Amino acid sequence: MNGALNLEFLPLKREYISEILEIEKVSFPEPWTREMFERELSLPLSRFFVLKFENKIAGYAAGWLILDEAHITNIAVHPDYRNKGLGSKALEFLVEDMCIKGARKALLEVRESNTVAQKLYKSAGFKAVGFREKYYRNEGAILMEKNL
């Protein structure tokens, strides 16, 4: 809980998925499906948290902990709550959680056109280390990495 921002991080529960789907639909051109989010509930390697801001689900942060690598899979904040630092807090919380669980490196892919997310990741210490052609069907992804 972060008192200054009235921000809370909670583990994913099935009851949050409908709200998460709404955030997903307004955040990504190829949104995850309900089934994809439900699958996260059963994956032992999944670390998935919702952000509650002023008692409303404002976003989420998700990743997979594979051995000593944190792979950031998804971070989104509802448009009504953007530009308040919530994305940075979500990324920080997720990386810290996986670091406590043994991660020594964090990796992620970001759309080459998503300059807002790239700026967020760079400000958190991630560096571009590669490029994946057509990672998102018709668009490439920048591979970013951070040693923890």
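Above this text sits the structure in question.
Residues numbered from 1 in each chain as written. Predicted model: local features only at pLDDT ≥ 70, side-chain atom pairs only at ≥ 80, totals over all residues. Heavy atoms only, no water.

### Some thoughts on the pattern of salt bridges
Worth spelling out the cut-off: The rule for a salt bridge is simple: a side-chain nitrogen of Lys or Arg has to be within 4 Å of a carboxyl oxygen of Asp or Glu. Only runs of H or I of at least four residues qualify as helices and only runs of E of at least two qualify as strands under DSSP, and these elements are numbered from the N terminus. Each residue is placed in one exposure class: buried if its accessible area under a 1.4 Å probe, protein chains only, is under 20% of its type's maximum, exposed if it is over 50%, and partly exposed if it falls in between.
All told, the structure shown has nine salt bridges when counted by the stated rule. For R14, the salt bridge is made with E38, and the minimal N-O distance between the two is 3.7 Å. Placement of R14 in the loop between strand 1 (7-11) and helix 1 (17-27) and of E38 in helix 2 (residues 34-42) is noted, with a sequence separation of 24 residues between them. The class of R14 is exposed, set by a relative accessible area of 51%. The class of E38 is partly exposed, set by a relative accessible area of 27%. Residue E139 is joined to R111 by a salt bridge in which the shortest nitrogen-to-oxygen separation is 3.1 Å. Of this pair, E139 sits in strand 7 (residues 139-147) while R111 is found in strand 5 (residues 105-111), placing the two residues 28 residues apart along the sequence. In terms of burial, E139 and R111 fall into one category: buried. Through salt bridges that share partners, E30, R111, R137 and E139 make up one connected network.

### Some details on unusual backbone geometry
For E54, which is not glycine, the phi torsion reads 50 degrees and is therefore positive. Of the residues examined, E54 reaches a relative accessible area of 46% and is grouped as partly exposed. The backbone phi angle of K134 is positive, close to 50 degrees, even though this residue is not glycine. Its place among the elements puts K134 in strand 6 (residues 127-136).

### Focus: the packing of helix 1 against helix 2
Put simply, the rule reads: Interaxial angles span 0 to 180 degrees and are taken between N-to-C directions of axes, which are lines fitted to C-alpha atoms, for helices over the stretch in contact. If an angle is under 35 degrees, it is roughly parallel; if it is over 145, roughly antiparallel; if it lies from 65 to 115, roughly perpendicular; otherwise it is oblique. Take the far helix as your reference; a near helix turned counterclockwise from it by less than a right angle gives a left-handed crossing, and one turned clockwise gives a right-handed crossing. In what follows, residue pairs with any heavy atoms lying within 4.5 Å of each other are defined as contacts. Three classes are used: nonpolar for Ala, Val, Leu, Ile, Met, Phe, Trp, Tyr, Cys and Pro, charged for Asp, Glu, Lys and Arg, and polar for all others, with Gly counted as polar.
Between helix 1 and helix 2, the least distance of the axes is 10 Å, while the angle of their chain directions is 130 degrees. Compared by their axis directions, helix 1 and helix 2 come out oblique. Crossing of helix 1 over helix 2 shows right-handed handedness. Here I17, S18, I20, L21 and E24 of helix 1 lie close against helix 2, whose contacting residues are R34, F37, E38 and L41. A class-by-class count of the residues in the contact of helix 1 with helix 2 yields five nonpolar, one polar and three charged.

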